[in-house]
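Residue-level structure breakdown
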Amino acid sequence: MTTTTTFALIRHGQTDWNAAARIQGATDIPLNDVGRGQAVDAVAPLKRYDWDFIVSSPLSRAAETADLIGEQLGLDVAQRVPDLIERDYGPAEGLTAGAELDALRFPGGFRGAETEAAVAARGIDALQQLAEQHPGARIIVVAHGTLIRLSLAHALDQRIGSITNATLNLVHHHHVHADGATTWQLDVLNGESLLAV
């Protein structure tokens, strides 16, 4: 028997640091008015499906996005999940492209930042735990672009491009009970269906 848990992975709406192309990471920057509008706009594609509940990162930009979506869908935000926080970029946070950022850069990351592998591992672990605690549920997860991108890339073993603010990413977690194996299936990326018509 196979149990399928479905996740809508939503990146938070825009912040002033997003608009200024500043590295945000674990710094707690709130939504701006554009981001609040994006959160409300995220509801229409979500209404095509039935959802059981919402969880989010505890950072305010993700938490407020989740609250706005939940308000529109009549769903409570069940939990703030610490492991869904964005990648910690260390001393690169707050910087924009330029010499100061380049001085911190090395292939695959930034000096003093959390590794991509560590981000992917905790992102996948958070989703796996939700799937184990709520098998067969349909869960909206509001988190962060890099965390979603790296988690999907790891789960699917393929390259995933940038995740757009407040767009739908629909992924299924299939758990096969006989052997304990799990597989992932991505149906929608950045609001675009990947299913053959």
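Here's a quick rundown of the structure. Note on numbering: residues in each chain are counted from 1, in written sequence order. Predicted model: local features are reported for residues with pLDDT of at least 70 only, side-chain atom pairs are reported and counted for 80 or more only, and whole-chain, interface and lining totals are derived from all residues. In computing side-chain properties, one takes all heavy atoms of the structure into account and sets aside hydrogens as well as water.

1. Focus on the nonpolar core
We apply this condition: Here, nonpolar core means buried Ala, Val, Leu, Ile, Met, Phe, Trp, Tyr and Cys residues that are tied together by side-chain atoms lying within 4.5 Å of each other. Relative accessibility decides the category of a residue: with a 1.4 Å probe and only protein chains considered, values under 20% of the type maximum give buried, values over 50% give exposed, and everything between is partly exposed. The numbering of helices and of strands both runs from the N terminus, where a helix is a DSSP run of H or I of at least 4 residues and a strand a run of E of at least 2. We call two residues in contact when some of their heavy atoms are within 4.5 Å.
The biggest cluster of nonpolar side chains holds 27 residues, and the ones touching the most others in it are Phe7, Leu9, Val55, Leu84, Ile139, Val141 and Leu152. At the level of secondary structure, the elements contributing two or more residues to this core comprise β1 (2–11), β2 (53–56), α6 (116–133), β6 (138–143), α7 (145–156) and β8 (182–189). Among the elements that take part in this core, α6 stands out by supplying seven residues, more than any other. Apart from the residues within four sequence positions on either side, Val55 is in contact with Val77, Gln79, Val81, Leu84, Leu130, Ile139, Ile140, Val141 and Val142. Formed by 17 residues, the second largest nonpolar core is a distinct cluster that contains Ala42, Ile54, Ala66 and Val188.

2. Brief notes about the packing of helix α2 (residues 33–41) against helix α4 (residues 60–73)
When two helices pack together, their arrangement is captured by the angle between the axes and the distance separating the axes. Convention followed: Lines are fitted to the C-alpha atoms to define the axes, a helix being fitted only along its stretch in contact, and any angle between axes, read from their N-to-C directions, falls within 0 to 180 degrees. Each angle gets one of four labels, with under 35 degrees taken as roughly parallel, over 145 as roughly antiparallel, 65 to 115 as roughly perpendicular, and the rest as oblique. Here a crossing is called left-handed whenever its near helix is offset anticlockwise from the far helix by less than a right angle, and right-handed whenever the offset is clockwise. Residues are sorted three ways: Asp, Glu, Lys and Arg are charged, Ala, Val, Leu, Ile, Met, Phe, Trp, Tyr, Cys and Pro are nonpolar, and all the rest, Gly among them, are polar.
Here α2 crosses α4 at 40 degrees, and the two axes come no closer than 8 Å. Taken as axis vectors, α2 and α4 run oblique relative to one another. Every pair of crossing elements has a handedness; the one defined by α2 and α4 is right-handed. Taking contact as the criterion, the partners of Arg36, Ala39 and Val40 in α2 are, on α4, Glu64, Thr65, Leu68, Ile69 and Gln72. Residues of the contact of α2 with α4, tallied by class, amount to four nonpolar, two polar and two charged.

3. Some words on empty space enclosed by the protein
The test is simple: Each cavity reported here is a set of points on a 1 Å grid over the protein atoms alone in which a 1.4 Å probe fits but cannot get out, each pocket an open set with protein on both sides within 12 Å along at least five of seven lines, and each lining residue one with an atom within 4 Å of a point. Grid points are joined across faces, edges and corners, and a volume is the space filled by probe spheres set on the points.
Following the criterion strictly, the structure yields one cavity of 30 Å³ or more and no others. Counted as a void, the largest cavity has a volume near 40 Å³. What lines the largest cavity is simply Leu9, Leu84, Gly123, Leu127, Val141, Ala143, Leu147, Ile148 and Ser151. Those elements that place two or more of their residues in the lining of the largest cavity are α6, β6 and α7. If you tally residues by element for the lining of the largest cavity, the top one is α7, at three residues.

4. Some remarks on the packing of aromatic side chains
The line we're drawing: Two aromatic rings, drawn from Phe, Tyr or Trp (for Trp, its six-membered ring), form a pair once their centres lie within 6.5 Å of each other, and the interplanar angle then sorts them: stacked below 30 degrees, edge-to-face above 60, tilted otherwise. Lysine NZ or arginine CZ positioned within 6 Å of the ring centre and within 35 degrees of the ring normal marks a charge as sitting over the ring.
With the rule as written, the count across this model stands at three aromatic pairs. A centroid spacing of 5.8 Å and a plane angle of 65 degrees characterise the contact between Tyr89 and Phe110, whose relative ring orientation is edge-to-face. Residue Tyr89 is located in the loop between β3 (77–80) and α5 (99–104), and its partner Phe110 is located in strand β5 (residues 109–110); the two are separated by 21 residues in the primary sequence. Pair check on accessibility: Tyr89 and Phe110 agree, each one buried. Over the ring of Trp51 we find Arg138; its NZ or CZ atom is 5.4 Å from the centre of that ring.

5. Quick notes on the packing of α6 against α7
The geometry of α6 relative to α7 is characterised by a closest axis approach of 8 Å and an angle of 80 degrees between their N-to-C directions. By the criterion of interaxial angle, the relationship of α6 to α7 is roughly perpendicular. For the pair formed by α6 and α7, the contact residues are Glu116, Val119, Ala120, Arg122, Gly123 and Ile124 on the first element and Leu147, Arg149, Leu150, Ser151, His154 and Ala155 on the second.

6. Things to note about unusual backbone geometry
Non-glycine residue Ala21 carries a positive phi angle of around 60 degrees. Its location among the elements puts Ala21 in the loop between α1 (16–19) and α2. Even without being a glycine, Asp157 presents a positive backbone phi close to 55 degrees. Mapped onto the elements, Asp157 comes out in the loop between α7 and β7 (168–176). Judged by relative accessible area, Asp157 falls into the exposed class, the value being 71%.

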